[in-house]
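Notes for the structure review
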Amino acid sequence: MASALSRVADATGVAVQLAALVGREPLTDGVLHTVAVGDGGAALPVVMRIVAATPKSGHDFFLLNVARARSQAIITTGRILREEPDLDFSLDSTRVGAGSLGRALALYRLSQVGAEPPVVLVLTSGRDPAILGHPGLEGAVQPLVYTTTEGGRRLASEATARGIEVAATESPDVRGAIGELRRRGLGRISVEAGPSTALDLYSPPVLIDELLLSQFEGGPVPEAVRGRPFLDRERLTASFVLVAECAVDEPSGRWRFARYRRAAGSVGTAC
C-alpha cells in the first residue's frame, strides 16, 4: 500500500514522505478525522475555515483525498455544505479527477474499498431543504441525510424528488451518525466536520481511531479564516500516539503534517 501511495505522490508532485506518512501502517476499519489548523493568535490552534484567504496546500489536498479514497462513508454537516458551495467529495470531480491524482486514487480506492461509491452522510437540523441541491451530493456518492424527526418531515418531499435517503431520529448527533453508518455495515468512516461537531468524538469514550492533522506554520492566519479552537497538545497526546509526521515548505508557507492513532488502552466504543 505504501508503494501504491508513493506512486500517486510521484505522479502528482506531492512530497513522497506524505505517502509514507499514511502508508506506514495498514489502514483498518475505524473513524478517521481529517482537519487543517492554524495559528489564530490564541493558546490553542484554530480550525481553518475554507474561504478565499485560507492558506492553500497541495499536500493537505492530497491527504484529504487519500482519506476519502479509503472511506466507505464520509460524515459532513449542513453548515459545511452552506459555507462551502463548491465542496465536492467525488474522486472523479474536475479538481481531482482531471489529472493523474484522481486516476491513481480511484485505483487505490478500488483496491482498498471496492467499486461502491462512498456514502456521504449529512448531519443537519433539516431546516434548510436547499442543501439537498448541493453539488457535493451529486456525482459518484450516495447521499444520506441524518436529521431530526421534524427535519425529516420538512425534507421528505425534496429528498424524494432528488432520490436522497433520509434517516430521522429524535436527537441526531455525530455519535449517532457513526452508529447509523455502522449498522449499515460501513466500517471505514471519515469525518469532515467542524470542531463544534467533531470535538465531541474526542471526549470519553473516544470514537476517533485515527487523525490526519495538517497544521499551517507560516504565521497567524487572517481573522476570516479562524474557526473554533482545536485540541490542545496535552489532550491530544493523552489519547493518541504519533505514527509519523513531516514538514513541507509550500508557496503559502510552511506546513506540518501528522498522523495519529488512538493509543492502546484509550477508552473507545463500538457505538
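Here goes a summary of the coordinates provided. Starting afresh in each chain, residues are numbered from 1 along the sequence in its written order. Given that the model is predicted, a residue must reach a pLDDT of at least 70 before its local features are reported, and side-chain atom pairs must reach 80 or more before they are shown or counted; all residues, however, enter totals for whole chains, interfaces and linings. Side-chain calculation: all heavy atoms of the structure are included, whereas hydrogens and water are not.

**As for the overall build of the chain**
Inclusion rule: Under the DSSP-based scheme used, a helix requires at least four consecutive residues in state H or I and a strand at least two consecutive residues in state E, with every element numbered from the N terminus. Exposed residues in this analysis have more than 50% of their type's maximum accessible area, buried residues have under 20%, and partly exposed residues fall in between, with area computed by a 1.4 Å probe over protein chains only. The method behind every accessible area is Shrake-Rupley, applied with a 1.4 Å probe, and residues are considered shielded solely by the protein chains displayed.
Assigned secondary structure in the chain consists of 10 helices and 11 strands. Looking at the chain residue by residue over its 271 residues, the buried ones come to 51%. About 11800 Å² of surface is accessible on the chain, with carbon and sulfur atoms providing 52% of the total.

**As for the packing of aromatic side chains**
Rules: Each aromatic pair joins two rings of Phe, Tyr and Trp (for Trp, the six-membered one) with centres within 6.5 Å, and gets the label stacked for planes under 30 degrees apart, edge-to-face for over 60, and tilted for any other angle.
One pass over the full model with this rule turns up four aromatic pairs. Ring centres of Y202 and F240 lie 5.6 Å apart, and the angle between their planes is 55 degrees; this geometry places the pair in the tilted category. In this pair, Y202 sits in the loop between helix 9 (195–198) and strand 8 (210–220) while F240 sits in strand 10 (residues 240–250), placing the two residues 38 residues apart along the sequence. Given a relative accessible area of 4%, Y202 falls into the buried group. Overall, F240 belongs to the buried group, its relative accessible area being 4%.

**Points about unusual backbone geometry**
The step from P204 to P205 runs through a cis peptide bond, and the omega angle for that step is -10 degrees. Here P205 shows up in the loop between helix 9 and strand 8.

**A closer look at helix 7 (residues 149–162)**
Cut-off, in case you're wondering: Expected span of a helix, by definition, is 1.5 Å for each gap between consecutive residues, and there is one gap fewer than residues. The angle between axes fitted to the seven residues ending at a residue and the seven residues starting there is what we call the bend at that residue. The criterion used for residue contact is that any of the two residues' heavy atoms lie within 4.5 Å.
End to end, helix 7 covers 19 Å across 14 residues, agreeing with the expected 20 Å (1.5 Å per residue, within 8%). Of all the bends in helix 7, the greatest, near 55 degrees, is centred on L155. Here helix 7 has its buried residues at G151, G152, L155 and A159. Where helix 7 is buried, its residues meet strand 5 (142–148) and strand 6 (165–169). In the segment just after helix 7, G163 is the residue with positive phi, at about 70 degrees.

**Digging into helix 8 (residues 174–183)**
To be explicit about the condition: Under this definition, polar contacts are N or O atom pairs within 3.5 Å; protein pairs additionally need one hydrogen-donor-capable and one acceptor-capable atom, and for neighbouring residues in sequence, both atoms have to be side-chain atoms.
The element helix 8 is extensively covered by neighbouring structure, given that eight of its 10 residues are classed as buried. V174, R175, G176, A177, I178, G179, E180 and L181 are the residues of helix 8 that are buried. At the N-terminal boundary of helix 8, the capping side chain belongs to D173, with an oxygen 3.3 Å from the backbone nitrogen of R175. Immediately downstream of helix 8, the backbone of G185 shows phi near 80 degrees, a positive value.

**Some thoughts on the pairing of strand 11 (residues 253–262)**
Worth spelling out the cut-off: Following DSSP output, two strands are said to pair if at least two bridges run between them.
When you tally the buried positions in strand 11, you get seven out of 10 residues, the bulk of the element. The pairing of strand 8 with strand 11 spans seven bridges and is antiparallel. Residue S214 lies in a different strand from strand 11, and its bridge partner there is F257. With 10 bridges joining them, strand 10 and strand 11 adopt antiparallel strand pairing. What sits directly across from A247, in strand 11, is R256.

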